Structure formats: C-alpha cells, structure tokens
Amino acid sequence: QVHVVESGGGLVQAGGSLRLSCAVSGDIFRLNSMGWYRQAPGKQRDLVASITDGGRINYADSVKGRFTISRDNVRNTIYLQMNSLKPEDTGVYHCNGDIVTRHLGERVYWGQGTQVTVSS
C-alpha cells in the first residue's frame, strides 16, 4: 500500500510564500516522475510543476520564476516552494506520482490535496 500525503498549505497574503511537501510512504521500490497539480474552484486540475527521477523539471507558464519544485529521493518527498503568490494561485494542490511498488509494479498515485488560499 502507498500513501501520498501533502502538507504545508494555508492562507497567505498576495506576495507571500508557502512551501508544500508531499511525503510518499509504503511498499515503495522507486519514485519515477512526480508532480504538483492545482485545482481551483469550478475548474479542472492543471499541472503546476513536475520533476522526473533524473531531475528534469517542467513548470506551467503561470508559475515560472516564482515556484520551485524539488525532490529528496532518500526521504521519498517532493517539495514546492511558492514565492510571490498571487490570488490566482488559490486552489487545492495535489501531489501526483508515478510510483513503482514491489507488489503492484508501476502505477499513478494521488494525494488528497492541501488547500492554498491567497488573499489580495
């Protein structure tokens, strides 16, 4: 069984910063590509940033220069440092992972999400 748990969300004023964490635990053999997605109220879930196991990074245009994704392969954790936050960054941030386990092989897992609210 695999657990994907996000933390670090909250309420912040525009221009502020937050750091999200996504901890993966369980019967893990390897974490492949991991990512953060954002779902604003009434909208679809969109990719914010992703990072491969080799360290290749991709950002949505709307967050380039403000957000930084990173990963700690020892702790099986990924992070999203969010600076210069804007009200349009508000939403539920979900962690997504392409995870290989010893018993089920390679599958995609999602966390429950953490709420980020940016006030103007």
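Points about the pattern of salt bridges
Counted by the stated rule, this structure contains 5 salt bridges. With a shortest N-O distance of 3.2 Å, aspartate 89 and arginine 38 are connected by a salt bridge. Remark: arginine 38 occurs in strand 4 (residues 28–39) and aspartate 89 occurs in the loop between strand 8 (77–82) and strand 9 (91–101); sequence separation between them is 51 residues. Looking at aspartate 89, the relative accessible area reads 1%, which means it is buried. Between aspartate 89 and arginine 66 there is a salt bridge, with its nearest N and O atoms 2.8 Å apart. With aspartate 89 in the loop between strand 8 and strand 9 and arginine 66 in the loop between strand 6 (57–59) and strand 7 (67–72), the pair connects residues that are 23 residues apart, well separated along the chain. Residue aspartate 89 shares its accessibility class with arginine 66, and that shared class is buried. Where salt bridges share partners, they join Arg38, Arg66 and Asp89 into one cluster.

Digging into the packing of aromatic side chains
This model, assessed by the stated rule, comprises 1 aromatic pair. Look at tyrosine 37 and tryptophan 110: their rings are 4.9 Å apart centre to centre, the planes differ by 65 degrees, and that puts the pair in the edge-to-face class. Taken together, the residues span a long stretch of sequence, with tyrosine 37 in strand 4 and tryptophan 110 in strand 10 (residues 105–110) at a distance of 73 residues. Of the residues examined, tryptophan 110 reaches a relative accessible area of 37% and is grouped as partly exposed. Stacked on the ring of tyrosine 79, the Lys or Arg arginine 19 has its end atom at 4.1 Å from the ring centre.

Rules and cut-offs
- Residues numbered from 1 in each chain as written.
- Predicted model: local features only at pLDDT ≥ 70, side-chain atom pairs only at ≥ 80, totals over all residues.
- Heavy atoms only, no water.
- Salt bridge = Lys/Arg side-chain N within 4 Å of Asp/Glu carboxyl O.
- Helix = DSSP H or I, 4+ residues; strand = E, 2+ residues; numbered from the N terminus.
- Buried < 20%, exposed > 50% of the residue type's maximum accessible area, 1.4 Å probe, protein only.
- Phe/Tyr/Trp six-rings, centres within 6.5 Å; stacked < 30°, edge-to-face > 60°.
- Lys NZ or Arg CZ within 6 Å of the ring centre and 35° of its normal.

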